[in-house]
Structure formats: C-alpha cells, structure tokens
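Residue strings, one per chain:
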Amino acid sequence: MRILFSIFLFISSNVHSEPYARQINITTGQWPPYIDQSKEDQGCVASLIRDAFALYDIKTRFVFMPWERAYKDGMKKEFIGSAYWYFSKQRSEDYIYTKHAITEEVSRFYHLSSLPLKLTRYSDLKPYTLLLNKGLTYPDELLEAISEHNIRTVESTYTDKNIPFLLRKRADIMIMNENTAQEYKRSLPVSKRSAITSQKKPAYIKRGFLLINKTHQQYAILFDQALSTLWSNKDYIKHYEQNCSKIGILTHALE
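Described in the following lines is the structure provided in the data block. Per chain, residue numbering runs from 1 following the sequence as it is written. The predicted origin of the model limits local features to residues at a pLDDT of at least 70 and limits the giving and counting of side-chain atom pairs to 80 or more, whereas totals for whole chains, interfaces and linings rest on all residues. Working from all heavy atoms in the structure, the side-chain values ignore hydrogens and water.

1. Notes on the packing of helix H2 (residues 44-54) against helix H9 (residues 218-231)
Turning to step 1, where the next piece is worked out: An axis is simply a line fitted to the C-alpha atoms; with a helix, the fit covers only the stretch in contact. Between two such axes, the angle follows the N-to-C directions and lies from 0 to 180 degrees. Helical segments are the DSSP runs of H or I of at least four residues, strand segments are the runs of E of at least two, and each set is numbered from the N terminus. Running from amino to carboxyl end, H2 crosses H9 at an angle of 100 degrees, the nearest separation of the two axes being 8 Å. With respect to H9, the axis of H2 lies roughly perpendicular. On H9, the residues that touch Leu48, Ile49, Asp51, Ala52 and Phe53 of H2 are Tyr219, Leu222, Phe223, Ala226, Leu227, Leu230 and Trp231.
Turning to step 2, where the next piece is worked out: The residue classification treats Ala, Val, Leu, Ile, Met, Phe, Trp, Tyr, Cys and Pro as nonpolar and Asp, Glu, Lys and Arg as charged. All others, Gly included, are polar. By residue class, the composition of the contact of H2 with H9 is 11 nonpolar, no polar and one charged. To sort the angles, those under 35 degrees are grouped as roughly parallel, those over 145 as roughly antiparallel, those from 65 to 115 as roughly perpendicular, and the leftovers as oblique. Pairs of residues are marked as contacts when any of their non-hydrogen atoms sit within 4.5 Å.

Following this line, the structure appears as structure tokens:
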C-alpha cells in the first residue's frame, strides 16, 4: 500500500531504538466489521492496529476468543493488550488506555418488528427481557436502571447469537452498534431481515480504544505515536473513514 510505505519511510527515520518484539500478540473478540475473524484482513480496526505497529516493523497477531476471556487474557504477559474496548473506570485501572480513540459507535436497541415499542429512557425497559453480552461495556446509567427497576436480563457469550435470541423470543431487546448489527443482519435469510428493527433514539454512543497491558507499557507510547502519524495522512484518513469509522474529533486525547 503506497500510503503506508510513505508513512513508514518518514517514521522509521524519526524513531529511537527500543527493545520491541518483532511480533506482538493482542487478544480480541468477534465484532464485525471492526474485528472479524472471517475476513482476510480481520476487520478494519484490526487493519488499523496492524498498520500502526507495522510502521515500526512489528507484526501483529490477533488471538480471537470470547470477549470476557479476551479481557482477562489480555493482562497476561504473552499479550501486549486487548483490542478494542469502550472506556470504563475499571478498565482504566486494569490496563493503559491508548491516547487516541479508534472508533466512535452508535449503539441502538434492536427488537422484533412485531413488538410495539418506543423507548425514551432506560426505565422503559422494565416490561421486557434485555439481552446483554458477557464482557462488553454498558453505561453505568443503564446498569443502574436494570438494578433499580428490576429489569429482566439474559446473557450471551457470543454476539453473533444475539439476533437468533430475538428471533427465538428468548429475549425481547438487544443492544448493538448499528454497523455490527447490519453485518449480522446481512447473514440472515432475506425473509428474516425485516423481522429485526431498531429504536431511532440511540441507546448510547461510545468510543473504542486499544488497551495495553501494564507490563508492556512501551507499546502504548509506540501506538500513540504511530496513530498520530497515520492520522496526519489525509489519504489514510479518507480510506479509514470510508471502510470503518468516521474519526473527526477522535484525534483528541482521552479525557
């Protein structure tokens, strides 16, 4: 890729020698189109992370597993971190958050089209069964509403099982970012795609970050430098926005 080659020539002449591994391992889970084991490039976020470390001639290997395990295993010494996660206080204590967000995702409530539903606040979920995924991030306000209003929940380990849960009526409502939901809906028979709809009002909007294992903190600095370099290239940004996520204000540091 000509864009990446030009960036590599620039950054390789401006980086100090550090004891970095020639290959790094990062835990992750299935979250198309961002992270997708079935794709040759393993998804657009995987490509971004791979491109960033490639600027330092470091190969990146993604190890796929359930999200809950990916989070725990990412803290093991053989991994430099886990990709990729929304912000939470607990995660900021367990890991080093990289400086720049790499996605901004609009998550919505999805349900069967036959279910007459209009949600204006989290408490409106009370009459229904909400599907949550093990290991994923949910706003504190939602979790508090679940507890306060005794909202029924069921859990799924794998996100690709969410829509089948709804179709089989094992849950009434699921939460998923709109791009991932579209990817999963495409895998459905045409006759069933219209059976799933979403609420117009977003459930929440979150930004995603690469998490770095605290025993490998030098890779956080490396990734931050590399990502800043990638974002400085207008052609790279255009390609990423067309194939993955708008970045806009995402170059701002984590607050």
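There is more to say, and it comes next.
2. Quick look at the state of the cysteines
Turning to step 1, where the next piece is worked out: Put simply, a disulfide is two cysteine sulfurs that come within 2.5 Å. Applying the stated criterion across every chain yields a total of one disulfide.
Turning to step 2, where the next piece is worked out: Across a sulfur-sulfur distance of 2.1 Å, Cys44 and Cys244 are joined as a disulfide pair. Measuring handedness by torsion sign, the sulfur bridge of Cys44 and Cys244 sits at about 60 degrees and is right-handed. Taken together, the residues span a long stretch of sequence, with Cys44 in helix H2 and Cys244 in the segment after helix H10 (234-243) at a distance of 200 residues. The pair formed by Cys44 and Cys244 is uniform in burial state, with each residue classed as buried. Buried, partly exposed and exposed residues are distinguished by accessible area as a fraction of the type maximum, computed with a 1.4 Å probe on protein chains only: under 20%, between the cut-offs, and over 50%, respectively.

3. Regarding the nonpolar core
Turning to step 1, where the next piece is worked out: Residues belong to one nonpolar core when they are buried, are Ala, Val, Leu, Ile, Met, Phe, Trp, Tyr or Cys, and are joined through side-chain atoms within 4.5 Å. If you look at the biggest cluster of nonpolar residues, it comprises 79 residues, and the most contacted ones within it are Ile49, Phe53 and Leu130.
Turning to step 2, where the next piece is worked out: Broken down by element, this core gets its largest block of residues, eight residues, from H9.
Turning to step 3, where the next piece is worked out: Beyond its immediate stretch of four places on either side in the chain, Leu130 contacts Phe109, Leu125, Leu142, Ile146, Ile151, Arg152, Thr153, Val154, Ile173 and Ile175.

4. Digging into a negative patch on the surface
Turning to step 1, where the next piece is worked out: Patch construction takes residues with relative accessible area above 30% that form no salt bridge. Like charges are linked within 9 Å, and nonpolar side chains (Val, Leu, Ile, Met, Phe, Trp, Tyr) are linked within 5 Å. In this description, accessible areas are obtained by the Shrake-Rupley approach with a 1.4 Å probe, and a residue is regarded as covered only by the protein chains that are shown. Here a salt bridge means any side-chain nitrogen of Lys or Arg lying within 4 Å of a carboxyl oxygen belonging to Asp or Glu. Counting rule for charge: Lys and Arg are taken as positive, Asp and Glu as negative, and neither His nor the chain ends is counted. Charge placement uses NZ in Lys and CZ in Arg. For Asp and Glu, CG and CD serve respectively. On the surface, Asp140, Glu141, Glu144 and Glu148 cluster together into a negatively charged patch.
Turning to step 2, where the next piece is worked out: With respect to the helices and strands, the residue Glu144 is situated in helix H5 (residues 140-148).
Turning to step 3, where the next piece is worked out: The exposure class assigned to Glu144 is exposed, which follows from its relative accessible area of 52%.

5. What to know about the environment of Met174
Turning to step 1, where the next piece is worked out: For Met174, the location among the structural elements is in strand S8 (residues 173-177).
Turning to step 2, where the next piece is worked out: A C-alpha to C-alpha distance of 9.0 Å links Met174 and Asn133, two positions 41 residues apart in sequence.
Turning to step 3, where the next piece is worked out: Discounting residues that sit within four places of it in the chain, Met174 has contacts with Arg108, Phe109, Tyr110, Leu131, Asn162, Ile163 and Leu166.

6. A short note on unusual backbone geometry
Turning to step 1, where the next piece is worked out: The peptide bond linking Pro32 to Pro33 adopts the cis configuration, its omega dihedral lying at 5 degrees.
Turning to step 2, where the next piece is worked out: With omega at -15 degrees, the peptide bond leading from Ala83 into Tyr84 counts as cis.
Turning to step 3, where the next piece is worked out: Of note, Tyr84 is situated in strand S3 (residues 81-86).
Turning to step 4, where the next piece is worked out: Even without glycine at this site, Gln42 takes up a positive phi of about 65 degrees.
Turning to step 5, where the next piece is worked out: Turning to its location among the elements, Gln42 is positioned in the loop between strand S1 (23-28) and H2.

7. Examining the pairing of strand S2 (residues 59-64)
Turning to step 1, where the next piece is worked out: Pairing between strands is defined by DSSP: at least two bridges between them are needed. Two strands pair when backbone bridges link them, and S1 and S2 are joined in this way by six bridges, in the parallel orientation. Across the sheet, residue Ile26 finds its bridge partner in S2, namely Phe62.
Turning to step 2, where the next piece is worked out: Orient the strands so they point away from the viewer; a crossover is then right-handed if the path from the first strand over the helix to the second runs clockwise. Running through H2, the crossover from S1 to the neighbouring parallel element S2 is right-handed.

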